[in-house]
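# Structural characterization, general
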Amino acid sequence: MASPKMWGFAFSILLLHSNIANSFQIFPRSPHNRISTNEHESIGRRHSTKLANSIDNRDRKRVVVIGNGMVGQRFMENLIDIDKQKKCIITTFCEEPRAAYNRVKLTSYFETRNPSALSMTTDFDDEGRTPWYSENNVELLLNDKAVSIDTKAKKIVGASGKEVNYDVAVFATGSFPFVPPIPGKQRPGVFVYRTIEDLEAMLKYVKENNVKSAAVIGGGLLGLEAAKAVADMKVESHIIEFADILMCRQIDQGGHDALVGKIEEMGLQVHCGARTESFVGADGSTDNESMSPVSALRFSNEGWDDLKVQMVVVSAGIKPRDDLARGTDINVGERGGIIVDDQLRTSVEGVYAIGEIALYNNFIYGLIAPGYDMAGVCSKVIAKEELGIDLDLHELPAFTGADLSTKLKLLGCDVASFGENQPRPDDTDVSNLVWNDPLGGIYRKLIFNKAGTRLRGGILVGDASDYSKLHALAMKGGELPENPAILLAPPTARGEVEEEELSTDPNTQICSCNDVTRGKIADTIKELGAEKATLKEVKACSKAGTGCGGCEPDVKTILKQELEKMGASLSNHLCEHFAYSRPELMALVRTDSDPSSVDSFEKILAKHGKGDGCEICKPAVGSILASIYNGVILDEGRDSLQDTNDRSLANMQRGGSYSVVPRVPGGEITAEQLIQLGKTAKKYGLYSKITGAQRVDLFGAAKYQLPDIWEELGSVGLESGHAYGKALRTVKSCVGSTWCRYGVQDSVSFAVRVENRYKGVRSPHKMKSAVSGCIRECAEAQGKDFGMIATENGYNLYLGGNGGTNPVHAQLFATNIDEDTVIKYLDRYIGYYILTADRLERTAPWQARLPNGKNGGGPIEHLKEVIIEDSLGICDELDRRMQHLVDTYHDEWAEVVKDPARRAKFKQFVNTDENQTREEMIEFVDMRGQLRPANWPADGQPQTNWKPEEDVFSRSEKTWKSVGKVSDFAPNVGSTVLYGKSQLAVFNNQKRGEWYCTQNMCPHKQAFVLSQGIIGDESGTPKVACPLHKKQFALEDGHQLDGDLSLITFPVKIEGDNVMVELPSEEEVNAILGTHGLRVKHTSSGCVDISNDPLEKEIMNGVTGSKNVTFART
């Protein structure tokens, strides 16, 4: 029976995580709710003029928007919202090959290479259009640049020759990149950074010319974004800035130093004060005529050598695109830009300008937020003055300038400036406070008036987590603390890493890009109602979070708070099968009075859940069981709970092969072990690479080869490195006092001790650690989940650091403690994390969500109270549970090697000893003397998204074939059978008493992996999740639940002990599903259509209505 103290702790965990561990369930919209591709195409092929003229337009005014960028698009949306009576029709010129997209997020294009991910409306069709334009009666002139305007005749002409008459014209042409007059700018390899096409051209040039190094001209906001884009191309990036510091309009020398430190840590190089003289050609020329590709930058700086680069990206600022207005009676500024007044009117009646083309008070606003402000003002002015719409306004809207405060994440580093961040030199009412932490890479400067009663502005680099509060104080005023200096320290230094508390004032601006207040977001949530108010819908309806995306966490917080007011809440449930979060379910299991009633997934599901489970809850419960009981994860049906990597005890890689990473405690390895690694890699043709964590990774093993590989590695003492699991990965170390002349402790021995203690411990997410032998910190311990840095008197212990996408600096927990004390504290820290963290939550965000200490000081003080002072009374339990995990450790590879039954789970096909090699499924190509799988083609290209849209075997003669005995197929998982030369996946859904058979190839990337996916159900529909990208397929009929792909399925029945599948002949199945025909090949080898294969052609022609259906194969 659980003790009262245990129950009390469990209850406190439930309360704690009702507040700190909410997981937002954002479900993709159903494909059935989207306009089909054919519908998009039919819309796209209509002439836009016919569409616009299909409505009686005699009494309507035509508003022509010149430019379809972000600001032009926002103007149209605003005007349409105002014009409820349909008093105008809109035409927009768009010179690009696709409609409006988010340029602010241009660098995120590399994450998907999908332009639709940047769309300002909905997904693009093949012509670059979206349904929004036809739905709103907007004439979109795609690929058509406005080339002339006659303000007397009120006519605009496009490059296509199309003439459009207007009543109102709005210039939203934006800007173009400013290219300094540097000799050589005409060369191949010199690019600007502005559009998707620019990025694609760069990518192509990098690939075709084997570019290794590139220079980015410009160290402002755009330049740093361009530098990130270059770095994302895996090209060495040099930032070239004319000024003495980066971002000279936003930050000062101190901010520059902190920012450069962060940038250079990422491998980029910064060159400020650079006087670029020319872009040198490969032929050595430095003129304006040669078309020799760029090969270097030459500087006029004394003593500067040429910088060898193979590409140059110019991002040195912008110039307004006012060429269309020049030569007309529209007034243009001396240095560019169309002159506008407070209502964004130009000098010509009926002509307006907004965004980066508009010159207001002799200033061009180059940020998106002022552009959106202009769009809002202009739409109201036009509605009132040009369309005669009564807006019930006391005075005409006006644009009177904009707040240029910014908060950005540049190259992974917080950079913010607000208010008067650079007062004039002659301004005497100034008092500066500066925080400069070069070790932490944090610089903060707050600018007060002399009396210290008003915050005027500031600069924040490295930690801008309290930006909203400081910005509000500077812009709106407000009472400062008695000692304003307490605002200076970064929240992380104050131990306040929890999310900043949001103001409840409805007028508080949340989204500066779109000028969305808290009140508007709250109103949107109320209008949607509790059922429909998802994060996605709130963003779409309110526009908050759709600009740079930096305010999305605040939008989530408001959504949670507003739903709670409505009596609803954001779901923190694991999935549809468990109405609990992971820590809540962990508390229920670990405190159950009858442990035998919750020692398997089936029992836990029956007691606390419903349905069959899925790819979300099964691994989560599997991890809970491993953390409590620590049995072999492949035994007693637990293999059915494991994600693909855990089920195979290796990492699945592209093409369905696996990588093997043995444990190397502390990075210490013997010559004998290195020799065996080499022998094994050579024997099995494995690609070898040293990891970033002092280990050796062997890539390219087939699953059936894994036990043999492990046996060979185990012969020299190499164990599983758990690179496949949510567990301790490694404890990195420097050589410490054993070799290094600076070392003060034996960091290697301690790292080995720590790694051997926690190896195999399953946790909510992966854990990494490091031990540095001195303050020089060569092992980078402060970037790990837990890290130790040696001192003369012991170790300083740091907790809660993470690398990866969102790096977090670990926090100092204890100083000068001995090794045994470090171990004691780590036992409790890891144990507390295991019991209370959410699913797939790293230690850093978990730690940040913990409550403050009793006397403040943030979550780190709470941890001290729990771990050192035993404030929750659970230290004995944490110690005991960790010791159990240590005592029950087993090398999972060795458990397979020594046990024939476990070893049999790695057999490739259950019905034959024959194997299909990795090369039969995907082509392997040579790369610097080693073999790797061929690149996957991009989605939509041949060899992807394989679609058998019809019942291809509808006219085939079928017979029932035995594919094995019932005992050959493990329960609640998939197994692979070989039928002729075709791989089929057979799923034994013991939970339902049902069997299914499908192709084993996932149609997305033509990888033979489906049998390795987790099976479960979605709203009662049995499904399998592909292990590569988690695409969901219904097992009964094969249709994709989250997309438009599908599988070929075959009926299954059980006769006695035989598993029978109704199949066409081997020859027919091989013609469609044969591994040889679906093998992914290197794209340079091409992709051929084998529909002329007589047998396949005969099969396909037998399918009603599918005469033109073909399958692209290699």
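Residues numbered from 1 in each chain as written. Predicted model: local features only at pLDDT ≥ 70, side-chain atom pairs only at ≥ 80, totals over all residues. Heavy atoms only, no water.

Helix and strand counts for the protein stand at 31 helices and 53 strands. Each of the 1114 residues in the protein was classed as buried or not, and the buried ones make up 55%. Contacts spanning at least 24 positions in sequence make up 64% of the contacts within the protein whose residues lie at least 6 apart. Carbon and sulfur atoms provide 48% of the accessible area of the protein, an area that totals close to 47900 Å². (Helix = DSSP H or I, 4+ residues; strand = E, 2+ residues; numbered from the N terminus. Buried < 20%, exposed > 50% of the residue type's maximum accessible area, 1.4 Å probe, protein only. Contact = heavy atoms within 4.5 Å. Areas by Shrake-Rupley, 256 points an atom, 1.4 Å probe, with all protein chains shown as cover.)

A complete count under the given rule lists zero disulfides for this structure. There is no disulfide at C614, and the cysteine sulfur nearest it, in C575, is 3.7 Å away. (Disulfide = S-S within 2.5 Å.)

Turning our eyes to something else, we now look at the sheet that holds strand β2 (residues 88–94). If you trace the five strands from one edge of the open sheet to the other, you get β3-β2-β1-β7-β19, paired in parallel fashion. Looking along the sheet, the strands with just one partner apiece sit at the ends: β3 (138–142) and β19 (351–353). Across the sheet, the mean angle from the axis of one strand to that of its neighbour is 15°, orientation sign disregarded. Across five bridges, the pairing between β2 and β3 is parallel. Across the sheet, the residue bridging to I90 is V138, located in β3. Most of the contacts of helix α10 (residues 368–386) go to β19, to which it runs at about 170°, and overall it touches β1 (61–66), β7 (168–171) and β19. (Pairing = 2+ DSSP bridges. Axes fitted to C-alpha atoms, helices over the stretch in contact; angles between N-to-C directions.)

Now for helix α9 (residues 253–265). Here α9 spans 18 Å end to end across 13 residues, near enough to the 18 Å set by a 1.5 Å rise per residue. Within α9, burial applies to G254, G255, H256, A258, L259, V260 and I263. Buried residues belonging to α9 abut α8 (221–232), β11 (236–241), β12 (269–272), β23 (413–419), β25 (442–448) and β26 (455–461). Near the N-terminus of α9, the side chain that reaches the backbone nitrogen of G254, with its oxygen 3.3 Å away, is that of D252. Backbone geometry just downstream of α9 places G267 in the positive-phi region, at approximately 95°. (Expected span 1.5 Å × (residues − 1). Polar contact = N/O pair within 3.5 Å; in protein donor to acceptor, adjacent residues only side chain to side chain.)

Another point: the confidence of the model for the protein. Per-residue confidence for the protein gives a mean pLDDT of 87; residues scoring 70 or more make up 89%. Across residues 1084–1092 the pLDDT falls below 50, and counting only partners more than four positions away or on other chains, this stretch makes 18 contacts in the model. Within the model, the stretch residues 1103–1114 combines pLDDT values under 50 with 44 contacts to residues more than four positions away or in other chains. (pLDDT = per-residue confidence, 0-100.)

Moving on to the packing of helix α13 (residues 535–542) against helix α14 (residues 552–565). Between α13 and α14, the shortest axis-to-axis distance is 10 Å and the interhelical angle comes to 110°. One finds that α13 runs roughly perpendicular with respect to α14. Crossing hand, α13 versus α14: right-handed. Mapping the contact onto sequence places L535, V538 and K539 in α13 and E552, V555, K556 and L559 in α14. Of the residues assigned to the contact of α13 with α14, the class counts are four nonpolar, no polar and three charged. (Parallel < 35°, antiparallel > 145°, perpendicular 65-115°, else oblique. Left-handed = near helix turned anticlockwise from the far one by under 90°. Nonpolar A, V, L, I, M, F, W, Y, C, P; charged D, E, K, R; others polar.)

This part takes up the sheet that holds strand β41 (residues 974–979). Here four strands make up an open sheet; going across it, the order is β41-β42-β43-β49 and the pairing antiparallel. Either end of the sheet is taken by a strand with one partner, and the two such strands are β41 and β49 (1049–1050). In this sheet, strand β42 (residues 982–989) lies alongside β41 in antiparallel orientation, the contact comprising six bridges. Across the sheet, S975 pairs through a bridge with V986, a residue of β42. Its contacts with the sheet put helix α29 (residues 1066–1073) on β41, β42, β43 (994–999) and β49, and the angle it makes with β42 is roughly 95°.

Right, let's talk about α10 for a bit. A rise of 1.5 Å per residue sets the reference length of α10, with its 19 residues, at 27 Å; its end C-alpha atoms lie 26 Å apart and thus fit the reference within 8%. Burial runs high along α10: 15 of the 19 residues are buried. Positive backbone phi, approximately 70°, marks G388, located one or two places after α10.

Viewed as axis vectors pointing N to C, helix α15 (residues 582–590) and helix α22 (residues 819–836) meet at an angle of 105°, and their least axial separation amounts to 7 Å. Overall, the two elements α15 and α22 adopt an arrangement that is roughly perpendicular. For the pair formed by α15 and α22, the contact residues are R582, P583, M586 and R590 on the first element and I834, L835 and T836 on the second.

The next point concerns the nonpolar core. F75, F171, L259, M311 and I354 are the most contacted members of the largest nonpolar core, which has 120 residues in total. Residue contributions to this core peak at nine residues, all from α10. In this structure, L259 is in contact with L224, L246, M247, I251, C413, V415 and V461, ignoring residues within four places of it in sequence. Core analysis: the second largest hydrophobic core is formed by 57 residues, L574, M586, V754 and Y825 among them. (Core = buried A, V, L, I, M, F, W, Y, C linked by side-chain atoms within 4.5 Å.)

Before going further, it helps to spend a moment on the pairing of strand β47 (residues 1021–1025). Among the five residues in β47, four count as buried, and that is most of the element. The pairing of strand β46 (residues 1014–1018) with β47 spans five bridges and is classified as antiparallel. Residue D1017 lies in a different strand from β47, and its bridge partner there is P1022. Once β46 ends, the chain turns through two residues before running back antiparallel as β47, passing S1019 with a positive phi of about 50°. The pairing of β47 with strand β48 (residues 1032–1034) spans three bridges and is antiparallel.

Looking at where Q422 falls in the secondary structure, it is placed in the loop between β23 and β24 (431–437). Q422 has contacts with C248, R249, Q250, I251 and I447, leaving out every residue within four places of it along the chain. A distance of 3.1 Å separates the side chain of Q422 from the backbone oxygen of I251, its partner in a polar contact.

The next point concerns unusual backbone geometry. Phi at K543 is positive, roughly 75°, even though this residue is not glycine. Mapped onto the elements, K543 comes out in the loop between α13 and α14. Unusually for a residue other than glycine, E780 sits at a positive phi of about 60°. Its place among the elements puts E780 in the loop between β34 (767–772) and β35 (786–791). Take E780: its relative accessible area is 44%, and that puts it in the partly exposed class.

Further remarks concern the packing of aromatic side chains. Using the criterion set out here, one finds 19 aromatic pairs in the structure. Between F953 and F1050 the ring centres are 6.1 Å apart and the planes differ by 35°, which places this aromatic pair in the tilted class. Of this pair, F953 sits in the loop between β39 (930–933) and β40 (959–965) while F1050 sits in strand β49, and the two are 97 residues apart along the sequence. Here F953 and F1050 have matching classes, each one buried. Within the aromatic cluster, the residues linked to one another by ring pairs are Y360, F363, Y365 and F399. For the cation-ring pair, R275 lies above F242, with the distance from its terminal atom to the ring centre recorded as 3.9 Å. (Phe/Tyr/Trp six-rings, centres within 6.5 Å; stacked < 30°, edge-to-face > 60°. Lys NZ or Arg CZ within 6 Å of the ring centre and 35° of its normal.)

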